[in-house]
Amino acid sequence: MRLLTLRLPEGTSTVAVRQDGNTLTEIDGFTDVGALLKDSAWESIAHAANGATHALDGADLEAVVPAPGKIICVGHNYRNHIKEMGREVPEHPTLFAKYAESLIGPNDDLALPQESDTVDWEAELAVVIGKTGRRISEADAADHIAGYSVLNDISMRDYQFRTVQWLQGKTWENSTPFGPALVTKDEFTAGPLMTSAVDGDIQQQTPTGDLVFTPEYLVSYISTIITLNPGDVIATGTPGGVGHAQDPKRYLQDGQALVTTIDGLGQLTNRVVKEA
């Protein structure tokens, strides 16, 4: 099952929808996928939904979970990215956070800030939590995962490396595309190819299964620290091919198109626009 958050035509509200081919069906009573996941019966509610319908083509999509309670990101989780950044394979996950204000829809413009000219791409597999848990065992972690989506952890490298803490380079407003859909775990297993491209030039291309720490391990590890709730998001890390590691270094420029794809999950297509 594929679940999305649709901006309604009048532009004043959003609604959770189920995608069936090229048709989006409203899930009445739920403003977005995050709100839907907070109902323990979300799967049966979504399956049974028969609200108003919309065409997928031309739909104005919001970030699939627009306001997660937590966005927890993982650094250094693909061996080829660890190597290109000159790091050692970590013994434990490297964690940092984003905030909901950083999220944008799968086709929205990506804000290139006035303050940074070292804006980089980081294609990522996102895990969306569907069931509350604390100290979840790795064996039980899959039961707490609602599904998966596509995210690009856009990074302002100059701000990121001002200190040893990365937060200030990772959560700029209107900079993190997320979506288009939550694909439930019965329809997706980590492994398919993940790609990012700038103006059609492929930068990253690695299987999503090539992780140091798996989604299940990350759910278990993070839930040891803090309770995970429905709608929380774990961004599982990026593979090699980021612009900062290239020689010469390459960063996003005004007017470029950034396309992020995971086979089986969907595609983000974002135009880069310099803030006035």
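Coordinates for the structure precede this section.
Okay, so let's go over this structure. Note that the structure is a prediction, hence the values are computed from the model and not measured.

### Quick look at the pairing of strand β15 (residues 201–207)
Here's step 1: Pairing of strand β14 (residues 193–198) with β15 involves six bridges; the strand directions are antiparallel. Bridge pairing in β15 links Val198 to Asp201.

### As for unusual backbone geometry
Here's step 1: Residue Pro180 is bonded to the preceding Gly179 through a cis peptide linkage, with omega at -10 degrees.
Here's step 2: Here Pro180 is to be found in strand β13 (residues 176–184).
Here's step 3: Between Asp247 and Pro248 the backbone carries a cis peptide bond, its omega angle lying at 0 degrees.
Here's step 4: Inspection of the secondary structure puts Pro248 in the loop between β16 (233–235) and β17 (257–262).
Here's step 5: At His76, a position not held by glycine, the phi torsion is positive, near 55 degrees.
Here's step 6: Tracing the backbone shows His76 in the loop between β5 (71–75) and α3 (79–84).
Here's step 7: Positioned with a positive phi, Asp199 is a non-glycine residue whose angle comes to about 50 degrees.
Here's step 8: Locating Asp199 in the fold gives a position in the loop between β14 and β15.

### Quick word on the sheet that holds β14
Here's step 1: Taken in spatial order, the five strands make up an open sheet running β8-β18-β17-β14-β15, and their pairing is mixed. A single partner strand is all that each edge strand has here, and the edge strands are β8 (110–112) and β15. Taken pair by pair, the neighbouring strands of this sheet meet at an average axis angle of 15 degrees, ignoring direction.
Here's step 2: Judged from the five bridges that link them, β14 and β17 form a sheet pairing that is antiparallel. When the sheet's bridge partners are listed, Ala197 is paired in β17 with Val259.

### Topic: the environment of Ser196
Here's step 1: Checked against the element boundaries, Ser196 lands in strand β14.
Here's step 2: Exposure remark for Ser196: the relative accessible area of 0% places this residue in the buried category.
Here's step 3: Apart from residues lying up to four places away in sequence, Ser196 is in contact with Trp121, Ala123, Asp201, Ile202, Gln203, Gln204, Val259 and Thr260.
Here's step 4: Polar side-chain contacts of Ser196 include one of 2.8 Å to the side chain of Gln204.

### Notes on the side chain of Thr118
Here's step 1: Summarising the element assignment, Thr118 is placed in the loop between β8 and β9 (119–120).
Here's step 2: Leaving out residues up to four positions away in the same chain, Thr118 has contacts with Ser155, Met156, Arg157, Asp158 and Tyr251.

### Description of the nonpolar core
Within soluble globular proteins, side chains that are nonpolar generally end up buried alongside one another.
Here's step 1: In this structure, Leu6, Val219, Ile234 and Leu265 are the most contacted members of the largest nonpolar core, which totals 36 residues.
Here's step 2: If near-sequence neighbours (up to four positions away) are discounted, Leu265 is found in contact with Arg2, Leu125, Tyr148, Ser149, Val150, Pro180, Val183 and Phe188.
Here's step 3: Core analysis: the next-biggest nonpolar cluster, separate from the first, contains 27 residues, Ala16, Phe30, Val33 and Ile71 among them.

Here is what the cut-offs are and how they apply
Residues numbered from 1 in each chain as written. Predicted model: local features only at pLDDT ≥ 70, side-chain atom pairs only at ≥ 80, totals over all residues. Heavy atoms only, no water. Pairing = 2+ DSSP bridges. Helix = DSSP H or I, 4+ residues; strand = E, 2+ residues; numbered from the N terminus. Axes fitted to C-alpha atoms, helices over the stretch in contact; angles between N-to-C directions. Buried < 20%, exposed > 50% of the residue type's maximum accessible area, 1.4 Å probe, protein only. Contact = heavy atoms within 4.5 Å. Polar contact = N/O pair within 3.5 Å; in protein donor to acceptor, adjacent residues only side chain to side chain. Core = buried A, V, L, I, M, F, W, Y, C linked by side-chain atoms within 4.5 Å.

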